[in-house]
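Reading the structure
Below, each chain spelled out in residue letters.
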Amino acid sequence: MSGTSADGIDAALLELPDWPALGEGGGGLPDLTGAAPRGRVLAHTFTPYTPDLRAAVLRAGQNEGTPAELTQLHWALGEAFAQAAAPLAEDADLVASHGQTVQHHPRPEAARGWTRPATLQLGEAAVIAARTGKPVVADFRPADLAAGGVGAPLVPFADWALLAEAGINRALHNLGGVSNLTFLPGTDPAGVLAFDTGPANCLLDDVAALAGQTQDEGGALAGAGTVHEATLSAWLAHPELATPPPKATGREVWTLSQLPRPASLSLPDLAATAVALTARTVGDAYRRWVLPRGLDEVVVAGGGARNPALVAALRAELPVPLRTFADLGWTDHGFTDATREAAAFAFLGYARAQGWPNTLPHTTGAAQAVSAGKWTPAPLTPGAPS
Ligand SMILES: Nc1ncnc2c1ncn2[C@@H]1O[C@H](COP(=O)(O)OP(=O)(O)OP(=O)(O)O)[C@@H](O)[C@H]1O
Ligand SMILES: CC(=O)N[C@H]1[C@@H]2OC[C@@H](O2)[C@@H](O)[C@@H]1O[C@H](C)C(=O)O
């Protein structure tokens, strides 16, 4: 899994001891019983992208580069994902690969040249299968998009299957490049609500880049600044924010260079304003669409959970307790704010291999559930070519 921050690859080895073995899932998805998490993450690695690879991903995201460069990137990412997966895949039945989103056009938008829904996740699955010797499930978003959904977020199906618990209305909140939430009212799948609330770290990362850093480490930059209210108001007027769910946004929507700001604004003030935008838009999303359904607690995940400035701003916005994966004891099972998304895609791949639906169509706006992900069989002669 590599997310919109395009900082590198999270690989997780997910064990599902209480679920039907592969090929024995003919009875369909079992009832959810027992305490969460219903699985165990046995291993996790994070492999940062090389600067060249990250630059190429960001260029593709900004609509730059030639078809030849995009083709090269698709295969270079396949190699990078294969290398990241290989050590963990030795013990695995299959590999699931989200790929790297470089463009996501959930709905037509004439001004951007998006005449139809479309999405593109790069990282050639055949390379991963060839290098690991395992079958690969990859490219999950197109099936939902083709069924009329916005193609994201997809993690909520796994959140529900692995982490929902009876008797508690919980939201899992991801602060990645983009901010998205999964609201789990007990274990009821029909009540699950999930959508992107707007930016999490992508704008802050843009500000950090202006300061010559890859991220605002520990929220130092934002902590030293003051929110510029006029700029915050201008950013809050973005039409995407008022759109009701289902909705999904890419980092192309939240790019600093495309947003209005006074040239005189200092980098710390800009960072503080970016943090305020994330906190306000997250708070607004809960107030409008989640709190009325009854919410007991929010569990934060994603890299933003490691930014104290962001977490403090969020805490001030939300009227319910903000918890961590450690607070719930989930880290004892290997589920951490860093492993959740990779483990979720491992589960989606498993569900796809069982032939089960693995989307919640009401959360994406699709006409029906799909078994998302494209199957690439294991090589006929296992083993990596020299
Ligand atoms: N120690 C830290 N201090 C401040 N910010 C951090 C820290 N660690 C991570 N981050 C932030 O978290 C981001 C990465 O988060 P994460 O890996 O969850 O995003 P992602 O999965 O790529 O994005 P998405 O979930 O939108 O696809 C970094 O770009 C950075 O902004
Ligand atoms: C198109 C795309 O890659 N969207 C990502 C992005 O990053 C966070 C948010 O926006 C979410 O909608 C989604 O990722 C997570 C993993 C998901 O599909 O659940």
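A brief report on the enclosed structure follows. This one's a predicted model, so the numbers in the text were calculated from it and none came from an experiment.

Another aspect to go through is the sheet that holds strand E6 (residues 136-138). Hydrogen bonds between backbone groups are what pair the strands of a sheet, and the pairing can be parallel or antiparallel. Strands sit in the order E3-E6-E12 across an open sheet of 3 strands; the sheet is mixed. Either end of the sheet is taken by a strand with one partner, and the two such strands are strand E3 (95-97) and strand E12 (374-376). Across the sheet, the axes of successive neighbouring strands diverge by a mean angle of 20°, strand direction being ignored. Pairing analysis gives 3 bridges linking E3 to E6, with the strands arranged parallel. Paired with Val95 across the two strands is Val136, which belongs to E6.

As a matter of local geometry, ligand 2 sits amid 17 residues, with Thr101, Arg141, Leu154, Val155 and Asp196 nearest to it. Leu154 places a polar main-chain atom, nitrogen or oxygen, 2.8 Å from an oxygen atom of ligand 2. Contacts to ligand 2 include Asp196, whose side-chain N or O atom sits 2.7 Å from an oxygen atom. Relative to its free-state accessible area of 440 Å², ligand 2 is covered by the protein chains to the extent of 97%. Its residues assigned to classes, the shell around ligand 2 comprises 8 nonpolar, 6 polar and 3 charged.

Our focus in this paragraph is the sheet that holds strand E7 (residues 169-175). Taken in spatial order, the 5 strands of this open sheet run E9-E8-E7-E10-E11, and their pairing is mixed. A single partner strand is all that each edge strand has here, and the edge strands are strand E9 (193-199) and strand E11 (322-323). Of the pairings in the sheet, the one linking strand E10 (residues 297-301) to E11 comprises 2 bridges and is parallel in character. Opposite Val299, over in E11, you have Arg323 as the bridge partner. The strands that helix H10 (residues 267-290) touches are E7, strand E8 (178-185), E9 and E10; relative to E9, the one it contacts most, it runs at about 155°.

So, about the site of ligand 1. Close contacts around ligand 1 come from 21 residues, with Thr4, Asn174, Gly177, Asp205 and Gly303 the closest. A distance of 3.5 Å is found between an oxygen atom of ligand 1 and a side-chain nitrogen or oxygen belonging to Asn201. Contact distances for ligand 1 include 2.8 Å between an oxygen atom and a backbone N or O atom of Gly303. Considering ligand 1 on its own, with 650 Å² of exposed area, one finds that the protein chains cover 89% of that surface. Of the residues assigned to the shell around ligand 1, the class counts are 2 nonpolar, 13 polar and 6 charged.

This part takes up the packing of aromatic side chains. If you walk through the whole model with that rule in mind, you get 10 aromatic pairs. Relative to Phe345, the ring of Phe140 lies with its centre 5.3 Å away and its plane at 65°, an arrangement referred to as edge-to-face. Of the two residues, Phe140 sits in the loop between E6 and helix H4 (141-146) while Phe345 sits in helix H12 (residues 340-353), which places them 205 residues apart along the sequence. Of the two residues, Phe140 and Phe345, both sit in the buried class. Taken together, a centroid distance of 5.4 Å and an interplanar angle of 90° make the contact between Phe325 and Trp330 edge-to-face. Joined through ring pairs, the aromatic side chains of Trp19, Phe157, Trp160, Phe347, Tyr350 and Trp356 make up one cluster.

Another aspect to go through is unusual backbone geometry. With glycine set apart, most residues show a phi of negative sign, and most peptide bonds adopt trans. Backbone torsion omega between Ala36 and Pro37 reads 0°, so that peptide bond is classified as cis. Inspection of the secondary structure puts Pro37 in the loop between strand E1 (8-15) and strand E2 (40-48). A cis amide bond links Ala152 with the next residue in sequence, Pro153, at an omega value of -15°. As for its position among the elements, Pro153 is in the loop between H4 and helix H5 (155-163). The phi angle at Ala6 is positive, at roughly 55°, despite the residue not being glycine.

Our focus in this paragraph is the pattern of salt bridges. Between side chains of opposite charge, pairing is possible as soon as their charged atoms come close. In total, this model carries 12 salt bridges according to the counting rule given. Between Glu297 and Arg170 there is a salt bridge, and its shortest N-O distance comes to 2.8 Å. Within this pair, whereas Glu297 is found in strand E10, its partner Arg170 is found in strand E7, the two being separated by 127 residues in sequence. According to the relative accessible area criterion, Glu297 is buried, its value standing at 4%. Put simply, Glu317 and Arg287 hold a salt bridge, and the shortest N to O gap is 2.8 Å. Of the two residues, Glu317 is situated in helix H11 (residues 308-317) and Arg287 in helix H10; the sequence distance between them amounts to 30 residues. Within the structure, one salt-bridge network assembled from shared partners comprises Glu165, Arg170, Glu297 and Arg323.

Definitions and cut-offs
- Residues numbered from 1 in each chain as written.
- Chains lettered and ligands numbered in written order.
- Predicted model: local features only at pLDDT ≥ 70, side-chain atom pairs only at ≥ 80, totals over all residues.
- Heavy atoms only, no water.
- Pairing = 2+ DSSP bridges.
- Helix = DSSP H or I, 4+ residues; strand = E, 2+ residues; numbered from the N terminus.
- Axes fitted to C-alpha atoms, helices over the stretch in contact; angles between N-to-C directions.
- Near = heavy atom within 4 Å.
- Polar contact = N/O pair within 3.5 Å; in protein donor to acceptor, adjacent residues only side chain to side chain.
- Areas by Shrake-Rupley, 256 points an atom, 1.4 Å probe, with all protein chains shown as cover.
- Nonpolar A, V, L, I, M, F, W, Y, C, P; charged D, E, K, R; others polar.
- Contact = heavy atoms within 4.5 Å.
- Phe/Tyr/Trp six-rings, centres within 6.5 Å; stacked < 30°, edge-to-face > 60°.
- Buried < 20%, exposed > 50% of the residue type's maximum accessible area, 1.4 Å probe, protein only.
- Salt bridge = Lys/Arg side-chain N within 4 Å of Asp/Glu carboxyl O.

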